[in-house]
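Structure at a glance
What follows is the residue order along each chain.
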Amino acid sequence: QVQLVESGGGLVQAGGSLRLSCAASGRTFSKYAMGWFRQAPGKLREFVAASSWSGGSTYYAESLKGRFTISRDIANNTVDLQMNSLKPEDAAVYYCNARPLFSDYVGTRPRYEYWGQGTHVAVSS
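The paragraphs below set out a description of the structure included in this document. Computed from a predicted structure; not experimentally measured.

Below, the discussion takes up the packing of aromatic side chains. Under the defined criterion, the tally for this structure stands at nine aromatic pairs. For the pair Y95 and W115, a centre-to-centre distance of 6.3 Å together with 90 degrees between the ring planes defines the contact as edge-to-face. Of this pair, Y95 sits in strand β9 (residues 92-99) while W115 sits in strand β10 (residues 114-115); the two residues are 20 residues apart in sequence, bridging distant segments of the chain. In this structure W115 comes out as partly exposed when scored by relative accessible area, which is 32%. Three or more aromatic residues link up through ring pairs in this structure, and these residues are F37, F47, Y59, Y95, Y105 and W115. Just above the ring of W53 sits the side chain of K31; from NZ or CZ to the centre is 5.1 Å.

Here it is as structure tokens:
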């Protein structure tokens, strides 16, 4: 079992930056691949970024490459999402996610997964 708690959301001006953090608890956190998703009002939840359990492999939504960076700190049980050059269309609730395999983010269907409660990001134009 893994519990995920996001933080770091807030209001930022367009062009600014935010760093989201996801704190995980559970004995096997280090064995899970981790990812971030987002959901804007009236839209489906969409994939943002993922990291392998070691942090050695990462994967991004094509449209976000170069602006968003995912990183994880296994020692501190956290996975962060650095968001730069934010745009109004980046406004959404951002969710932390854990899946058994990194490949669960790049094609295979996860057997199970865990979600955080989400943190809200607003971007003013």
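Let us now look at the pairing of strand β8 (residues 78-83). Most of β8 is tucked away, with six of its six residues classed as buried. Side chains of β8 alternate between two faces, with T78, D80 and Q82 and V79, L81 and M83 buried alike. Summarising the sheet, strand β3 (residues 18-25) and β8 pair through six bridges and their orientation is antiparallel. Note on β8: the bridge partner recorded for C22 is V79. Where strand β7 (residues 68-73) and β8 come together, six bridges link them in antiparallel fashion. The residue bridging R72 from the neighbouring strand is V79, located in β8. Remark: four residues form the turn of the hairpin made by β7 and β8, two consecutive strands paired antiparallel; N77 in that turn has positive phi of roughly 55 degrees.

Attention now goes to the pattern of salt bridges. Side chains that differ in sign of charge can pair as their charged atoms come close. Applying the stated criterion to the full structure yields six salt bridges. The salt bridge involving D80 is made with R19; its shortest N-O contact spans 3.2 Å. Of this pair, D80 sits in strand β8 while R19 sits in strand β3; the two residues are 61 residues apart in sequence, bridging distant segments of the chain. Several salt bridges share partner residues, and in doing so they unite R38, E46, R67 and D90 into one network.

The pairing of strands in a sheet comes from backbone hydrogen bonds and takes either a parallel or an antiparallel form. Strand order across the open sheet formed by four strands is β1-β3-β8-β7, with antiparallel pairing between neighbours. Two strands close off the open sheet at either side, each with one partner strand: β1 (3-7) and β7. Between one strand axis and the next, the sheet turns through 15 degrees on average, direction left out of account.

Calculation criteria
- Residues numbered from 1 in each chain as written.
- Predicted model: local features only at pLDDT ≥ 70, side-chain atom pairs only at ≥ 80, totals over all residues.
- Heavy atoms only, no water.
- Phe/Tyr/Trp six-rings, centres within 6.5 Å; stacked < 30°, edge-to-face > 60°.
- Helix = DSSP H or I, 4+ residues; strand = E, 2+ residues; numbered from the N terminus.
- Buried < 20%, exposed > 50% of the residue type's maximum accessible area, 1.4 Å probe, protein only.
- Lys NZ or Arg CZ within 6 Å of the ring centre and 35° of its normal.
- Pairing = 2+ DSSP bridges.
- Salt bridge = Lys/Arg side-chain N within 4 Å of Asp/Glu carboxyl O.
- Axes fitted to C-alpha atoms, helices over the stretch in contact; angles between N-to-C directions.

Geometric descriptors of this kind do not, in isolation, establish any biological role.
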